[in-house]
Amino acid sequence: MKHAVVATVLCLATAAPAGAVDAPGWPDLSASIFDARPLHDGSDYIAIDSPYRSSDDARTLIAAQIEAPRGRLLGKVTLVLDENPMPVSAVFSFDQPLPRFYFQTTMRINGPTPLHVVAETTDGQLFVAGSFVKTSGQGACAAPPGTDPKEALATLGNMRIGIDALQGTGTSLDLMGDPALRDRQVDVDISHPSHSGMQMDQISLLFIPMRYVETVGIDLDGAGYVDLTGSISLSENPRVSLSVPARTRTIDVTMTDTDGTVSKAHRSLAGY
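Residues numbered from 1 in each chain as written. Predicted model: local features only at pLDDT ≥ 70, side-chain atom pairs only at ≥ 80, totals over all residues. Heavy atoms only, no water.

Asks: Outline the overall build of the protein, supporting the account with residue identities and numerical values.
Replies: What the protein contains, in helices and strands, is 2 helices and 15 strands. For the protein, the residues scored as buried account for 50% of the 272 residues in total. A fraction of 72% describes how many contacts in the protein between residues 6 or more apart in sequence connect residues 24 or more apart. Carbon and sulfur atoms form 53% of the exposed surface of the protein, whose accessible area is close to 12,400 Å². (Helix = DSSP H or I, 4+ residues; strand = E, 2+ residues; numbered from the N terminus. Buried < 20%, exposed > 50% of the residue type's maximum accessible area, 1.4 Å probe, protein only. Contact = heavy atoms within 4.5 Å. Areas by Shrake-Rupley, 256 points an atom, 1.4 Å probe, with all protein chains shown as cover.)

Listed below in structure tokens is the structure:
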């Protein structure tokens, strides 16, 4: 079953070094996720933006900017929250290979955890960078929902698309100075309770069935661009932000959740 990988108990908070790539459990976890393929140091190509300590464990902004090594193109980017019940937390698969990519997502951080961003190039090479996030100990994956589950169903699947200048990470990987490489940032706000299966209804005291955003497909100008595979690590009412080419004229988003609900949103940029 596709949900079998979800743990039935909360992850215990464990200590890990600041260099999350060298975190004790990472070799075994990465071998399981990536079939023991070699992972190369990606610190020159991946810049992670994550808080030292989360101010809201249930809605923590995690961002990364990735640039493919010279002569290569990106085919997939994976965000791993090592100690979350579902460690593979978001996977971005590109319909057409990209030289660079930026994403920012609102995530649940269940407890103190190393996190890793793994970029896969089209020639099958894997590059990894890591960080570490401390938390306030909320146990976010089992924390009660922020809205009444029945009320959340009324707006489930509603989406809003925004677009702005790319904020980037403020590192040497930012390419904002070169007009030929300048991207824009698309923000997709999704109304969804993102139930983890570990939360308890505060009235009935029964566990709320798992239901989360499974995939988000984003098309630009009528063609496929990126497909996001989600997990219970996505926050309630998640926001997914990502870079798109400055020349983009139309954006179409299709969200599918684990109950099979499909919703769509469209936006044409001003003047088109």
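Asks: So, the confidence of the model for the protein: which residues are in play, and what are the values?
Replies: Mean pLDDT over the protein: 86, with 86% of residues reaching 70 or higher. Low pLDDT, under 50, characterises residues 1-18; the predicted model gives this stretch 36 contacts beyond four residues in sequence or across chains. Ignoring residues within four places in sequence, the model shows residues 175-180, a span with pLDDT below 50, making 7 contacts including any to other chains. (pLDDT = per-residue confidence, 0-100.)

Asks: So what about the pairing of strand β15 (residues 262-268)? Which residues, and what values?
Replies: Bridge analysis of strand β14 (residues 250-257) against β15 gives 7 bridges, and the strand direction is antiparallel. Within the sheet, the bridge partner assigned to T254 lies in β15 and is K264. Connecting β14 to the next strand, β15, in antiparallel fashion are 4 residues, including G260 with a positive phi near 90°. (Pairing = 2+ DSSP bridges.)

Asks: A description of the sheet that holds strand β6 (residues 100-107) should follow, citing residues and the corresponding values.
Replies: Taking strand neighbours across the sheet as the criterion, the 6 strands line up as β2-β3-β6-β13-β10-β9 in an open arrangement whose pairing is antiparallel. The outermost strands of the open sheet, each flanked by one partner alone, are β2 (46-49) and β9 (159-165). Neighbour-to-neighbour, the strand axes of the sheet open up by a mean angle of 15°, direction not taken into account. (Axes fitted to C-alpha atoms, helices over the stretch in contact; angles between N-to-C directions.)

Asks: Describe the pairing of strand β10 (residues 183-190), and please don't skip the residues or the numbers.
Replies: Each regular strand carries side chains that alternate between the two faces of the sheet. Summarising burial for β10: 7 of the 8 residues are buried, a large majority. Both β10 and strand β13 (residues 239-245) contribute to a ladder of 7 bridges, which runs antiparallel. Its bridge partner lying in β13, R184 is registered against V244.

Asks: Any details on helix α1 (residues 26-33)? Residues and values, ideally.
Replies: Along α1, the positions that sit buried rather than exposed are W26, L29 and S30. An end-on view of α1 places all buried positions within 95° of arc, on one side of the element. α1 presents D28 and S32 as exposed residues on the side facing more than 90 degrees away from its buried surface. Buried positions along α1 lie against β1 (39-41), β4 (74-81), β7 (113-121) and β8 (126-133). Note on α1: the residue one or two positions beyond its end, D35, has a positive phi of about 55°. (Arc of directions from axis to C-beta.)

Asks: With reference to specific residues and values, describe the environment of D219.
Replies: Looking at the secondary structure, you find D219 in strand β11 (residues 213-220). The class for D219 is partly exposed, based on a relative accessible area of 30%. Sequence separation of D219 and H266 is 47 residues, and the distance between their C-alpha atoms is 9.5 Å.

Asks: Explain the packing of aromatic side chains residue by residue, including any values.
Replies: Enumeration according to the criterion identifies 5 aromatic pairs in this entry. Between F94 and F101 the ring centres are 4.7 Å apart and the planes differ by 65°, which places this aromatic pair in the edge-to-face class. For the pair formed by F94 and F101, the shared burial category is buried. Members of the aromatic cluster, connected to one another through ring pairs, are F92, F94, F101 and F103. (Phe/Tyr/Trp six-rings, centres within 6.5 Å; stacked < 30°, edge-to-face > 60°.)

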